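Results of the structural survey
Below, each chain spelled out in residue letters.
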Amino acid sequence: MNILAIETTGAAASVALINEKGEVSVEISDQKMNHLQNLMPMIDILLKKRELSIDDIGCVAVSEGPGSFTGIRIGVASARAIAQALEIKTIGAPTLKSFLYHANDYKGIICPIFDARRNQVYSGAYQWIRDEHPGKSKNESPCRKEVQASYRELVIGDAYDLPQLLEKLKTILLKESNVSTALEITFFGDGIISYKEQIIDWQNASLNDNIRVLFANDKIRLQNASSVARLALEYYRQGRMKSLYDLKPVYMRKAEAERKLEEKS
Amino acid sequence: MKDNKLITLGIETSCDETSAAVILEEREVLSNVIASQIKVHQAFGGVVPEIASRHHLNNINPVIDSALKEADITLRDVDLIGVTSGPGLVGALLIGLATAKSMAYVLKKPLIGVHHIQGHISAVYIEHKELEPPFLALVVSGGHTSIVDVTDYNKYEVLGHTRDDAAGEAFDKVARVLGLGYPGGPLIDEAAKKGNPHAVEFKRVFLEKDSLDFSFSGIKTGVLNYLNTQKLKGAQLNVNDTAASFQLAVMEVLTAKTIVAAKRTKRDKIVIAGGVAANSLLRQMMKDECERKGFDLYFPSPILCTDNAAMIGCAACYKYKSGLVDNLFLDAYPNKAL
């Protein structure tokens, strides 16, 4: 069983394949915002590299958003059409949550921020939960490692005004820093470009010295289909596949015209 | 294949109709499903691109399913896929394109990008089995106003087009200022039936002598100026008279230039297509003129005048038979020339 994962919510499109063993291969576009043109050729290249055909795909996953509205639609439309033609199920992978798989072994808080303009970001905060009592279950059942990965969602993925997000993070970080001695938060996403300085100011003004604020380096900063594929595999193991008709884009924001119309009335 | 005939799946999402159709060979329509978004955009007084894109994505897969079901085939029976690649709203176009590209890849079938205007012209073939090029075509809609010399199924020469607003766009704008609502075409057509077309003399813009181009932004301003003058005078506005006078001014220009073009190219057949080709006055005037001047006139029934996928499937099949096939790099071309 192979899952095809599509990521078109950011500037660079990527596609990935993952099998049930969790082996991933990925193809990343070197062009920006040219998703419609490049997506199918990239899928073709990826399949050929793995010596597979599209008919070997058992499930198609897509990074469902948030992100570029146009990008989300290219991904969802393509995933749905592939599923419709192959008569297979789909998986909608929350884009923000996929960043957990950018940093599998990371103990700190993972916080993707996407520039949503109007001084807003699409963001959420996540953290892997490690087994704190290794003696308890480690050798009892060797299958345990295969059981679903566990993480917590500290800030629910949504559109936030930046100060509102930072306030939420501050509350969480200050609470957590009493429990653990050294606490880290790493920001990901294209929002770093616009908001890095504001975040550093916030750190200096509101956080304790034992909280470290980091920014992911360029190589792992942005959306990537390999993380989407890993998250999709987790969903697959949990049986969270859905019909293509239930695969919906997650914009997290109304269309501008709709918002203005509602404001008027 | 069905009875040894090619099956084309056509897809159209260039503006505010999500449509899918199944076509047998070039001209036989097995299904033509259209999900209109008119009601959605009425609240905004016109098509909002972002909202149109969102609705296309919601509608596209069920619309394709309905088209297949109505034609009593499955996707596996499809021999080629035709899709509008431009011109149009880029966010709307890409829903159809992403869908068509993915399906063509999975099904390993040819993919054909179709120019929207070629689609409108092809709509006429569907109902007039005897019609063959060459002929002269007037394509007139909310987004286009072009006079095209159709020399062969895939050979076109644009002789003239609008330099500013499309005729249908002028209808939408005038309908809005007259308080008639959206979409303007059918509403003005209806109001005009109850009005005097000679009540107001709006200027007919013919541009330079011999030009086959159009300009409709002036007449829209003309209507606005007339409304303001009436208001200043404290005179009651007769909406029906204004609509009728505006409509006549537009249709006179369209009809006159089309006839001139047909004479110049020595064509004996004239085709009118596109959303505005559903206008009752344009049809009547063209009929009268063609009869008087000895041209054969062809136009589609109203459902094939609006944006629909049957015309795209028809055009795609003609392109395919001429070997005009696209590859997986097919993109959206929002401002593509014919």
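Here is what the cut-offs are and how they apply
Residues numbered from 1 in each chain as written. Chains lettered and ligands numbered in written order. Predicted model: local features only at pLDDT ≥ 70, side-chain atom pairs only at ≥ 80, totals over all residues. Heavy atoms only, no water. Core = buried A, V, L, I, M, F, W, Y, C linked by side-chain atoms within 4.5 Å. Buried < 20%, exposed > 50% of the residue type's maximum accessible area, 1.4 Å probe, protein only. Contact = heavy atoms within 4.5 Å. Domains from an automatic or database assignment. Buried area = accessible area lost by both parts, 1.4 Å probe. Salt bridge = Lys/Arg side-chain N within 4 Å of Asp/Glu carboxyl O. Polar contact = N/O pair within 3.5 Å; in protein donor to acceptor, adjacent residues only side chain to side chain. Helix = DSSP H or I, 4+ residues; strand = E, 2+ residues; numbered from the N terminus. Phe/Tyr/Trp six-rings, centres within 6.5 Å; stacked < 30°, edge-to-face > 60°. Lys NZ or Arg CZ within 6 Å of the ring centre and 35° of its normal. Pairing = 2+ DSSP bridges. Axes fitted to C-alpha atoms, helices over the stretch in contact; angles between N-to-C directions.

1. Some details on the nonpolar core
In this structure, A:Ile43, A:Ile54 and A:Ile82 are the most contacted members of the largest nonpolar core, which totals 97 residues. Look past the residues within four positions of A:Ile54 in its chain and what remains in contact with it is A:Leu4, A:Ile43, A:Leu47, A:Ile82, A:Leu86, B:Tyr105, B:Val106 and B:Lys108. Among the nonpolar cores identified, the runner-up in size contains 42 residues, and B:Ala167, B:Ala170, B:Ala261 and B:Cys290 belong to it.

2. Here we look at the domain arrangement of chain B
Interface size is often expressed as the accessible area that is lost when the parts come together. All names here are of chain B. Here the domain parsing of chain B yields domain 1 (7-122 + 305-321) and domain 2 (133-300). Once you take the C-alpha centre of each, domain 1 and domain 2 turn out to be 27 Å apart. Residue-level contacts link 17 residues of domain 1 with 20 residues of domain 2. Summed over both partners, the interface of domain 1 with domain 2 comes to about 1,500 Å²; 68% of that surface belongs to carbon and sulfur atoms. Where domain 1 meets domain 2, there are 0 salt bridges. At the boundary of domain 1 with domain 2, the tally comes to 9 residue pairs in polar contact (both at pLDDT 80 or more). When residues in the side of domain 1 that touches domain 2 are grouped by element, the largest group, 5 residues, is from helix H4 (residues 116-127).

3. What to know about the packing of aromatic side chains
With the rule as written, the count across this model stands at 14 aromatic pairs over all chains. On the numbers, 5.2 Å between centres and 90° between planes, the contact of A:Tyr101 with A:Trp128 is edge-to-face. Taken together, the residues A:Tyr101 in the loop between strand S5 (89-93) and strand S6 (109-115) and A:Trp128 in strand S7 (residues 120-128) connect sequence positions 27 residues apart. As far as burial versus exposure is concerned, A:Tyr101 and A:Trp128 are alike and both buried. One aromatic cluster is present, formed by B:Tyr125, B:Phe135, B:Tyr153 and B:Tyr318 through successive ring pairs. Taking NZ or CZ as reference, B:Arg54 lies 4.7 Å from the ring centre of A:Phe69, over its face. Here the basic side chain of B:Lys257 rests over the ring of B:Phe214, its NZ or CZ set 5.8 Å away from the ring centre.

4. Thoughts on the interface of chain A and chain B
Taken together, the contacts link 34 residues of chain A with 32 residues of chain B. Approximately 2,900 Å² of surface area, both sides summed, lies buried where chain A meets chain B, with 64% of it carried by carbon and sulfur atoms. Where chain A packs against chain B, one counts 2 salt bridges. Across the salt bridge formed by A:Arg73 and B:Glu50, the nearest N and O atoms sit 2.8 Å from each other. Linking chain A with chain B are 13 residue pairs in polar contact (both at pLDDT 80 or more).

5. Quick look at the pattern of salt bridges
By the definition in use, this model includes 26 salt bridges over all chains. The residue A:Arg259 makes a salt bridge to A:Glu256 at a minimum N-O spacing of 2.9 Å. Here A:Arg259 pairs with A:Glu256, and both are found in helix H7 (residues 256-264), just 3 residues apart, close to one helical turn. Classification of A:Arg259 as partly exposed rests on a relative accessible area of 24%. We note a salt bridge from B:Arg54 to B:Glu50, for which the minimum N-O separation is 2.7 Å.

6. Looking at the domain arrangement of chain A
All names here are of chain A. Each assigned domain of chain A is listed here: domain 1 (2-95 + 223-257) and domain 2 (97-220). Between the C-alpha centres of domain 1 and domain 2 the distance comes to 24 Å. Tallying the contact residues gives 19 residues for domain 1 and 18 residues for domain 2. Roughly 1,600 Å² of surface becomes buried between domain 1 and domain 2 when both sides are summed, with 49% attributable to carbon and sulfur atoms. Our enumeration of links across domain 1 and domain 2 arrives at 1 salt bridge.

7. Re the sheet that holds strand S2 (residues 12-19) of chain A
Residues and elements named next belong to chain A. Strand order in this open sheet of 5 strands is S3-S2-S1-S4-S5, and the pairing throughout is mixed. Pairing within the sheet leaves two strands with one partner each, and these edge strands are strand S3 (24-32) and S5. Sheet twist, expressed as the mean angle between neighbouring strand axes with direction ignored, is 20°. Bridge count between strand S1 (residues 2-7) and strand S4 (residues 57-63): 5 bridges; the pairing is parallel. Residue pairing across strands places Leu-4 opposite Val-60, the latter belonging to S4. Across the sheet, helix H2 (residues 69-86) lies against S1, S4 and S5, angled at about 165° from S4, the strand it touches most.

8. Points about unusual backbone geometry
Residues and elements named next belong to chain B. In this model, Gly-86 is joined to Pro-87 through a cis peptide bond whose omega is -10°. Structurally, Pro-87 is set in the loop between strand S4 (80-86) and helix H3 (90-107). Across the junction of Tyr-182 and Pro-183, the peptide omega takes the value -5°, indicating a cis bond. Mapped onto the elements of the fold, Pro-183 is located in the loop between helix H5 (167-177) and helix H6 (184-193). The backbone phi angle of Leu-207 is positive, close to 60°, even though this residue is not glycine. Mapped onto the elements of the fold, Leu-207 is located in the loop between H6 and helix H7 (217-233).

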